[in-house]
Amino acid sequence: MDLLGSVIVFFAGLWAGTINAVVGSGTLVTFPVLIALGVAPVVASMSNAMGLVAGTAAGAWGYRRELKGRGLQLLRLLPASLLGGISGAWLLLHLPETVFHYVAPVLLVLALLMVVFQPRLQTWVRNREENPEHAIRDKRHGVLLVVLVYLAGVYGGYFVAAQGILLVGILGVFLTGTIQNANAMKNILVLGVNLVAAISYLLFAFDRINWLVVLLIAVSSTVGGLFGSRIGRRLSPVILRAVIFVLGLVALAVMIANLLK
């Protein structure tokens with residue numbers, strides 16, 4: 001990669017780290033850039049995922065205040081997310097990329113609907129939990145949440161892009177608190193999945209990693225993650241939900257365009 005290409009990747013990583021801290025889908029910035037610069041798709045996917053680990057960690061640190069008092073929830077959901085990441089990484093290493101590309105747009109549409117209707121869905125869930133007639137049935141919500149987080153981890157370990165949007169949609173409905181709390185939890189879960197994926201690539205696909213790309217994205221996404229968390233924490237729930245929706249539509253358009261090629 002020449003100097004100009006390295007500069008382009010650096011700024012793409014900076015933007016991706018900022019977006020990831022606010023909502024997710026930063027991969028939809030860096031991955032196309034790497035492909036345009038001639039990096040092989042699987043190499044680009046693996047190197048990009050490894051580089052973004054540092055930026056995701058920076059975003060999680062920036063949102064640490066919104067995680068206060070949610071340690072038990074995190075301990076319950078993180079194992080499911082990690083297990084999902086392991087499953088997704090295994091799929092990436094063994095299945096054709098086209099398999100999941102057909103499922104990804106459907107999952108993203110569902111996630112966007114959950115984000116848009118999150119206040120109403122959350123109210124519906126709370127009302128059912130407070131109704132004695134539904135108390136036993138709605139204990140299943142906790143199990144459903146764990147299953148959905150696991151599936152989001154599978155998606156993230158395999159496809160990476162827009163995993164954050166999926167998780168914000170899921171967590172915003174099933175967890176108490178604001179969308180900012182859901183976003184903070186999302187950052188930790190995404191970090192866990194990305195770490196699992198990165199370790200898997202190191203162990204089983206070391207020769208397919210472009211270390212210059214990893215270094216450039218790691219440094220730039222860390223700066224972007226710290227910056228993005230400062231911006232995201234100041235956004236109102238309505239504005240944050242609108243940002244998520246717009247970025248989700250962009251992600252969906254990219255996925256559909258790739259299918260039509």
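Fair warning: this is a prediction, and the values are worked out from it, not measured in the lab.

This next bit is on empty space enclosed by the protein. In the structure shown here, the tally under the stated rule is two cavities of 30 Å³ or more. Looking at the second largest cavity, it is lined by ten residues, and the ones nearest its centre are Leu 171, Leu 175, Thr 176, Thr 178 and Ala 182. Those elements that provide at least two residues to the lining of the second largest cavity are helix H9 (163-174) and helix H10 (179-204). Its residues assigned to classes, the lining of the second largest cavity shows three nonpolar, six polar and one charged.

With twelve residues, H9 ought to run about 16 Å at 1.5 Å a step, and its terminal C-alpha atoms sit 17 Å apart, in line with that. Of all twelve residues that make up H9, twelve are buried, and the element is covered over most of its length. Those residues of H9 lying buried are Gln 163, Gly 164, Ile 165, Leu 166, Leu 167, Val 168, Gly 169, Ile 170, Leu 171, Gly 172, Val 173 and Phe 174.

On the surface, Arg 64, Arg 65, Arg 230 and Arg 234 cluster together into a positively charged patch. By secondary structure assignment, the location of Arg 65 is in the loop between helix H3 (41-62) and helix H4 (71-94). A residue is classified by how much of its surface remains accessible, and Arg 65, at 61% relative accessible area, is exposed.

Now for the confidence of the model for the chain. On average, residues of the chain carry a pLDDT of 80, and 81% of them reach 70 or more. For the chain, helix H7 (residues 118-130) is the element with the lowest average pLDDT, namely 61, and H4 is the one with the highest, namely 89.

Procedures and definitions
- Residues numbered from 1 in each chain as written.
- Predicted model: local features only at pLDDT ≥ 70, side-chain atom pairs only at ≥ 80, totals over all residues.
- Heavy atoms only, no water.
- 1 Å grid on protein atoms, 1.4 Å probe; cavity = no way out; pocket = protein on both sides within 12 Å on 5 of 7 lines; lining within 4 Å.
- Points joined across faces, edges and corners; volume = space filled by probe spheres on them.
- Helix = DSSP H or I, 4+ residues; strand = E, 2+ residues; numbered from the N terminus.
- Nonpolar A, V, L, I, M, F, W, Y, C, P; charged D, E, K, R; others polar.
- Expected span 1.5 Å × (residues − 1).
- Buried < 20%, exposed > 50% of the residue type's maximum accessible area, 1.4 Å probe, protein only.
- Patch = residues over 30% accessible without salt bridge, like charges linked within 9 Å, V, L, I, M, F, W, Y side chains within 5 Å.
- Areas by Shrake-Rupley, 256 points an atom, 1.4 Å probe, with all protein chains shown as cover.
- Salt bridge = Lys/Arg side-chain N within 4 Å of Asp/Glu carboxyl O.
- Lys, Arg positive; Asp, Glu negative; His and termini not counted.
- Charge placed at Lys NZ, Arg CZ, Asp CG, Glu CD.
- pLDDT = per-residue confidence, 0-100.

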